[in-house]
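# Structural overview
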Amino acid sequence: MTKKIYSLLAAVVVSTVCFSNNLLDEAVNSFNRSDYAVSGHYLEEYLSSGASIELDQERIDYMRLAIMENVDSFKYVTPALDFIGKYPKSMYLNSVLSFLGSAYHMNGDYEKAVQVFNMCNADRLDIDNANRKTLHHAVSYKYLDSLDNAVVLLNTLAYSDPRYDVHSDYYKGIVAYKQAKYDDAVEFFSYSKANNIYKIPSLLYLAEIALVCQDYDQATLCAEPVLNSRTDSATIWQAQRITATALFHKKEYAQSAAILAPYMSNVKQPDRSDRYYLGMDYYYLGQYSEAIGQLQYATLQNDAMSENAYLHIGLAALQLKDMNRAEIAFQLGSGIDLDAAVNEQLLYNYAMTLYETSFSPFSDAVTVFETFINKYPKSKNLDKASRSLIDVYENSTNYSNAIASIEKLNNPPKNVMHSKQLLYFRRGNMYYGSGDYKNAIKDYTSALALRQYDKELAEKAYLWRGETYFALGQYQEAKKDYQSAIDATVNIYGQDYMMSVYGHAYSAYKMRDFENARSEWKSML
């Protein structure tokens, strides 16, 4: 009886061992066929069978790790690090490093991926794992902007296995795009778009390149299949952005706004350039409040986009009669000064806004007008700016400040020089009236030096310089100026002419030349 029991137990043990070995064999065979789900099932069955795994512990741990990597790579990192810690000299170490690098790559930790891949020898991997490692290594380099390393690996991949040509073309296209080698990028993406895996992202890159190269028809053409595809929302939104931007540049503002507005409501943080284009759409459509609402978000950096955004915020504010907002926008924009054409408009509008809103006859507008005239002497707005500046000058009683302002102009226009002549004359009259004859003579002389701008004013300057000399008792000098005034007379029946003749005669009288004095006085009767 006892022998029968032992025989039965032995048979059970042998049967169990055989069954367990069969499970392990099935797990290994399935693993070698890359049927990881089935292999994992058999392996767990084997481990549950109670079989001793001491001799196969390292191989089993590796198989479980490899199965996990192929089934759920996002959970792979910690078990892989545990395996490396447990078996630092494992025969499977190279494969585990390859899988670990791929796991970091899939998790978006590209820096760690590159570090691990650099410790892995691809020559000791099977061809499939070596190619996968090379692809993930190259793409990780791409995300780290180590583009030269990425290209080397992609070329190696394409050479070693033609099956990876499409992968290589797509990622080499991205590298070329990042390096602004757009012709090369277009060539690579033209190949990769033929593959269903890369068709939509390749078309999106082609649309973006066309937009950058200002081929707006091509941009909309490449973006259209993306818009009509069943791809993810983020890709659709990018295609909308490209299409709307291209339509803006084609001056199709209504269509652009119709696409860009819903796009803006979908993305969490719209780029400032998207705000800029939507704001410009609204501006050209005459929706000025909406334009300001979008353009204000485009002014967050000190660049050409902000400069132009400030210009159009100011112009929109003028349309809305919001002079304070316009003034502030023109002032802030004019301080950027990256685009000469835009800066010219900003300075001009800033000066004109100050001029139209200032309560002071000699306001900050003068300084801005000075800057504008000096900086843009050939501007189409030079005449308007000059006339406005002259208006400020001639309505000011601070003649000294006005003259000093004109002195700051490098090449003042003729109308400004005429104003300068008038200012010298007026200040001369002011000095004459206060009895400061020395400065009066000096200013009348300065006005006469500009006689070519206004001959009638020159006549008056001669007359009043003569009056000043007469008041000083310098009758000979007075007589000369009266004579110059007479010679320059335009209207011999005017009051100035009669004053010049009278003064000339009176000077002769004071010099005791009574005969000439009497003769001239008689001529006035």
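Structure shown above.
Since this is a predicted model, take the numbers as computed values, not measurements.

Conventions adopted
- Each chain carries its own residue numbering, running from 1 in the direction its sequence is written.
- The model is predicted, so local features are restricted to residues of pLDDT at least 70 and side-chain atom pairs to those at 80 or more, both for listing and for counting; the totals for chains, interfaces and linings are taken over all residues.
- As a convention, hydrogens and water are excluded, and side-chain values are obtained from all of the structure's heavy atoms.
- Helix and strand labels come from DSSP, where a helix needs a run of H or I of at least four residues and a strand needs a run of E of at least two; each type is numbered from the N terminus.
- Relative accessibility decides the category of a residue: with a 1.4 Å probe and only protein chains considered, values under 20% of the type maximum give buried, values over 50% give exposed, and everything between is partly exposed.
- What makes two residues a contact is simply this: any of their non-hydrogen atoms within 4.5 Å.
- Working definition of accessibility: Shrake-Rupley area with a 1.4 Å probe, residue cover restricted to the visible protein chains.
- Here the expected length of a helix is defined as 1.5 Å per residue gap, with one fewer gap than residues.
- Between N or O atoms, a polar contact is any pair within 3.5 Å; within protein, one atom must be a potential hydrogen donor and the other a potential acceptor, and residues adjacent in sequence are included only when both atoms are from side chains.
- Between rings of Phe, Tyr and Trp, where Trp is taken as its six-membered ring, a pair exists when centres lie within 6.5 Å; planes separated by under 30 degrees are stacked, by over 60 edge-to-face, and by other angles tilted.
- Criterion for a charge above a ring: Lys NZ or Arg CZ within 6 Å of the ring centre, and within 35 degrees of the ring normal.

### Focus: the overall build of the chain
For the chain, the helix and strand inventory stands at 28 helices and zero strands. Buried positions account for 46% of the 525 residues belonging to the chain. For the chain, the proportion of contacts with a sequence separation of at least 24, taken over those separated by at least 6, is 50%. Carbon and sulfur atoms make up 50% of the accessible area of the chain, which totals about 27900 Å².

### Topic: helix H13 (residues 233-249)
Here H13 spans 25 Å end to end across 17 residues, near enough to the 24 Å set by a 1.5 Å rise per residue. What H13 keeps buried is the set Thr235, Ile236, Ala239, Gln240, Arg241, Ile242, Thr243, Ala244, Thr245, Ala246, Leu247 and Phe248. The residue sitting at the N-terminus of H13 and contributing the capping side-chain oxygen is aspartate 232; that oxygen lies 3.3 Å from the backbone nitrogen of alanine 234.

### Side note on the environment of leucine 472
Within the element layout of this structure, leucine 472 appears in the loop between helix H25 (455-471) and helix H26 (475-487). Beyond its immediate stretch of four places on either side in the chain, leucine 472 contacts Tyr437 and Ile441.

### Side note on unusual backbone geometry
Not every positive phi belongs to a glycine, and aspartate 145 is a case in point at roughly 65°. Following the sequence through the fold, aspartate 145 ends up in the loop between helix H7 (127-143) and helix H8 (147-160). According to the relative accessible area criterion, aspartate 145 is exposed, its value standing at 51%. The backbone of glutamine 214 sits at a positive phi, close to 65°, despite the residue not being glycine. Inspection of the secondary structure puts glutamine 214 in the loop between helix H11 (199-212) and helix H12 (216-227).

### Considerations on the packing of aromatic side chains
By the definition in use, this model includes 25 aromatic pairs. Seen in terms of ring centroids, tyrosine 348 and phenylalanine 372 are 5.7 Å apart; in terms of plane orientation they differ by 45°. Their pairing is tilted. Here tyrosine 348 is found in helix H19 (residues 340-357), whereas its partner phenylalanine 372 is found in helix H20 (residues 365-375), with 24 residues between them in sequence. Owing to a relative accessible area of 11%, tyrosine 348 belongs among the buried residues under this scheme. Accessibility expressed as a relative area gives 0% for phenylalanine 372, which makes it buried. Here the aromatic residues Tyr170, Tyr171, Tyr177, Tyr182, Phe189, Tyr198 and Tyr205 are joined through ring pairs into a cluster of three or more. In this structure, lysine 142 packs its charged tip against the face of tyrosine 143, placed 3.4 Å from the ring centre. Here arginine 275 stacks its cationic end above the ring of tyrosine 297, 4.3 Å away from the centre of that ring.

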